[in-house]
There are 2 protein chains.
Amino acid sequence: MSDNVIFITGHKNPDTDSICSAIGYAALKGEGYAAGRAGELNPETQFVLERFGLAAPELLRNVAGSEIILVDHNEAGQAVDGIADAKIIEILDHHKIGGLQTAEPILFCNLPVGCTATILTLFYHQNGKKPEPAVAGALCSAILSDTLAFRSPTCTELDKETATKLAAIAGIVDVEAYAKEMFMAGSELGNKTEKEILYLDFKKFTAGDTTFGVGQVSSMSGEELQALKPRMEAYMKDSFSEHGADMLFFMLTDIMDESTDLIYCGEGAEAAVNAAFTSDAPDRIYLKGVMSRKKQIVPQLTEALK
Amino acid sequence: MSDNVIFITGHKNPDTDSICSAIGYAALKGEGYAAGRAGELNPETQFVLERFGLAAPELLRNVAGSEIILVDHNEAGQAVDGIADAKIIEILDHHKIGGLQTAEPILFCNLPVGCTATILTLFYHQNGKKPEPAVAGALCSAILSDTLAFRSPTCTELDKETATKLAAIAGIVDVEAYAKEMFMAGSELGNKTEKEILYLDFKKFTAGDTTFGVGQVSSMSGEELQALKPRMEAYMKDSFSEHGADMLFFMLTDIMDESTDLIYCGEGAEAAVNAAFTSDAPDRIYLKGVMSRKKQIVPQLTEALK
């Protein structure tokens, strides 16, 4: 890890927003700053970086003793190792406020929009700058990814406008077609083990004394998800004790149908699900209109588990 | 307490920034929002509101069950009663990040500048609006108050520029003379009991298992402060158990001399002070250049108490 730069990094198990917003903010900040990452790239993000000819950020193993800028998260539990002994100097995010503390006043800009890349684009505007085409492509991809191509309820008008402007800079002519291509590239579910699929996009949360993990896969193909569902149910049950959580939840999100099948295991998980949600299908937890872990799953489970 | 508006409020024991930023943000937000306050007005703030013909915000006794916007603080311990059962929907602040949690993503704008009113003025600008002269006067006063008329190390260029622009809108011709008048009006130390003086601007903090309170008075008159010092030392010792803290610290800040005399009581307080500071005078804790509790006292004590 280079000593002479300040790293900008997203969360562990980084998604496209965590990687692309780190790249975008490092490009805006310029000399003395570099993009980092707190884990391996997922296939969707690999597709995006290859598409726009961008290098992967440096993998950060431990940031203890460093100054660090966080993007796309503001909870210690989701951050790179060593965060408790690092000096957080800025945070740009769009999630719930997660209880971090600092010793001194810092820039902490959290906006209720669909994507950190949208906030970053505001920062470019504020500084009278325009991202390079490749960076604009990465930021546009992050917005499409986080908002499921504007279908997620987290998506705001600002996200749409921003992605459209970025697409123009990046030379993306048909945004919907590009999004579909990106989601397909990201959905290499067939080649993966159940464990890899669980951890593609997995976060842990705490409600009272209960720790619960929530994973999510999104796919353009409902058939792919229905084939995957029994495999994941069996794997979560068999491997339950390995994941260090009291309950596990997994969202199979069908982008085109705008719905989620929620599967779960662990004592109390069924009761929490029944308290939190009303299923639209009698025989399964089929949640029509539910696509956002952050807005439509975690707050409801947190409330039910209190 | 009116049910049909969303209140915007600063911290308990409100200072001029907490009151004036609430007024300024309610004016910007318009219909459906109102300024609230989490305690009695101090004499400085009374002077400011009278000067610009502004009404005092509504006193909030308990905000449980309400939606609420916080300005000038982001720690539950400093907030109005009932905050744990309120829904915080926005936070504008310029302090360290204090560990609050929300269930959903919200606007949380914390900037490392000298005053919340400076951030608010950016929000006016962002919205293409200009504060009314009376509101501009209040916001300008808040910046002068928080930055000790630009002398505090927390003061940034943006604070200076912003206060200067606001002064022009408000018709304040000589900013330095106005600041002096405001500080004099605020410094009614002679008429107050020691207890009232301790609580004029008093905040509690936690470091590990230790709770400590830090009060501050700032004065344009060093003589006034030297007369006050033995009174406060005796009072803090006699009343120590009443204040619900393991240690008490009190800053006598001389604005013209740009220095602070720090007095304290409680087991371990002397050790913490000796670990945290090097006094510039042999016989007392005289801290030349120290004027900011937030930047120059609390982080150092927190570190020493860890």
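Novice: Where do I start with the packing of helix H4 (residues 133-146) of chain B against helix H6 (residues 175-186) of chain B in this structure?
Specialist: Packed helix pairs are specified by the crossing angle of their axes together with the interaxial distance, meaning the distance between the axes. All names here are of chain B. Relative orientation of the contacting elements H4 and H6 amounts to 75°, with a least axis distance of 10 Å. With respect to H6, the axis of H4 lies roughly perpendicular. Of the residues in H6, those in contact with Ser-141, Leu-144 and Ser-145 of H4 are Val-175, Tyr-178, Ala-179, Met-182 and Phe-183. Looking at the contact of H4 with H6 residue by residue, the classes come out as six nonpolar, two polar and no charged.

Novice: Where do I start with the pattern of salt bridges in this structure?
Specialist: Two side chains carrying opposite charge are able to pair once their charged atoms lie near each other. Overall, the coordinates contain 26 salt bridges over all chains when judged by the stated rule. Measuring nitrogen to oxygen at the nearest pair gives 2.8 Å for the salt bridge that ties Arg293(B) to Asp201(B). With a gap of 92 residues between them, Arg293(B) in helix H10 (residues 293-305) and Asp201(B) in the loop between helix H7 (194-200) and strand S9 (202-207) connect regions that are remote in the sequence. Accessibility classification places Arg293(B) together with Asp201(B) in one group, the buried group. Where salt bridges share partners, they join Arg151(A), Glu176(A) and Glu258(A) into one cluster.

Novice: Would you explain the interface of chain B and chain A in this entry?
Specialist: How big an interface is tends to be expressed through the accessible area that disappears when the partners come together. Tallying the contact residues gives 22 residues for chain B and 22 residues for chain A. Applying the counting rule to chain B against chain A returns ten residue pairs in polar contact (both at pLDDT 80 or more). Of all elements in the fold, only strand S6 (96-98), strand S7 (101-105), strand S8 (107-110) and H10 of chain B reach the threshold of two or more residues within the side of chain B that touches chain A. A total of five residues in the side of chain B that touches chain A trace back to one element, the largest contributor, which is S7(B). Taken together, the residues of the side of chain B that touches chain A break down into eleven nonpolar, eight polar and three charged. By the bridge criterion, two bridges tie strand S6 (residues 96-98) of chain A to S7(B) in an arrangement that is antiparallel. Bridge pairing links Gly98(A) to Gln101(B) in S7(B).

Novice: Sorry, what's going on with unusual backbone geometry here?
Specialist: The phi angle at Glu258(A) is positive, at roughly 50°, despite the residue not being glycine. Mapped onto the elements, Glu258(A) comes out in the loop between strand S11 (247-254) and strand S12 (259-265).

Novice: Explain the pairing of strand S2 (residues 33-37) of chain A to me, please; I cannot follow it from the model alone.
Specialist: All names here are of chain A. Note: strand S1 (residues 6-9) against S2, three bridges, orientation parallel. In the strand pairing of S2, Phe-7 is matched with Ala-34. In this view, the connection linking S1 to its parallel neighbour S2 by way of helix H1 (residues 16-29) has right-handed handedness. Pairing analysis gives two bridges linking S2 to strand S3 (residues 58-59), with the strands arranged parallel.

Novice: How do you make sense of helix H5 (residues 157-170) of chain B when you look at a structure like this?
Specialist: Each α-helix winds once per 3.6 residues, and so residues spaced three or four apart point in a common direction. All names here are of chain B. The terminal C-alpha atoms of H5, which comprises 14 residues, lie 20 Å apart, in line with the 20 Å expected from a rise of 1.5 Å per residue. Three or more residues of H5 are buried, namely Asp-159, Thr-162, Ala-163, Leu-166, Ala-167 and Ala-170. In an axial view of H5, the angular spread of the buried residues amounts to 140°, which keeps them on one side of the axis. The exposed set on the far side of H5, more than 90 degrees from its buried face, consists of Glu-157, Lys-165 and Ala-168. Of the surrounding elements, those touching the buried residues of H5 are helix H3 (116-126), H4 and H6.

Novice: How do you make sense of the packing of H3(B) against H4(B) when you look at a structure like this?
Specialist: Residue and element names in this part refer to chain B. Two elements in contact, H3 and H4, have axes whose closest approach is 8 Å; the angle formed by their N-to-C orientations is 140°. Note on element contacts: H4 touches H3 through Val-135, Leu-139, Ala-142 and Ile-143, opposite Ala-117, Thr-118, Leu-120, Thr-121 and Tyr-124. By residue class, the composition of the contact of H3 with H4 is seven nonpolar, two polar and no charged.

Novice: Is there a simple way to think about the confidence of the model for chain A in this case?
Specialist: For residues with low pLDDT, the predicted coordinates do not support detailed interpretation. Looking at chain A as a whole, the pLDDT averages 93, with 99% of positions reaching at least 70. For this predicted complex, the interface confidence score (ipTM) comes to 0.71, while the overall pTM stands at 0.74.

Novice: Where do I start with the sheet that holds strand S12 (residues 259-265) of chain B in this structure?
Specialist: Either a parallel or an antiparallel arrangement is found when strands of a sheet pair, and the pairing is made through backbone hydrogen bonds. Residues and elements named next belong to chain B. With mixed pairing, five strands are arranged side by side in an open sheet as S9-S10-S11-S12-S13. The sheet is open, and its two edges are formed by S9 and strand S13 (286-288), each paired on a single side. Pairs of neighbouring strands in the sheet enclose a mean axial angle of 25°, with direction left out of account. Across three bridges, the pairing between S12 and S13 is antiparallel. Looking at the pairing, Asp-261 lines up with Tyr-286 of S13. Seen against the sheet, helix H9 (residues 269-276) touches strand S11 (247-254) and S12 and runs at an angle of roughly 150° to S12. Of the strands in this sheet, S9, strand S10 (210-219), S11, S12 and S13 touch H10, which is tilted by about 155° from S10.

The rules behind these values
- Residues numbered from 1 in each chain as written.
- Chains lettered and ligands numbered in written order.
- Predicted model: local features only at pLDDT ≥ 70, side-chain atom pairs only at ≥ 80, totals over all residues.
- Heavy atoms only, no water.
- Axes fitted to C-alpha atoms, helices over the stretch in contact; angles between N-to-C directions.
- Helix = DSSP H or I, 4+ residues; strand = E, 2+ residues; numbered from the N terminus.
- Parallel < 35°, antiparallel > 145°, perpendicular 65-115°, else oblique.
- Contact = heavy atoms within 4.5 Å.
- Nonpolar A, V, L, I, M, F, W, Y, C, P; charged D, E, K, R; others polar.
- Salt bridge = Lys/Arg side-chain N within 4 Å of Asp/Glu carboxyl O.
- Buried < 20%, exposed > 50% of the residue type's maximum accessible area, 1.4 Å probe, protein only.
- Polar contact = N/O pair within 3.5 Å; in protein donor to acceptor, adjacent residues only side chain to side chain.
- Pairing = 2+ DSSP bridges.
- Right-handed = clockwise from strand over helix to strand, strands pointing away.
- Expected span 1.5 Å × (residues − 1).
- Arc of directions from axis to C-beta.
- pLDDT = per-residue confidence, 0-100.

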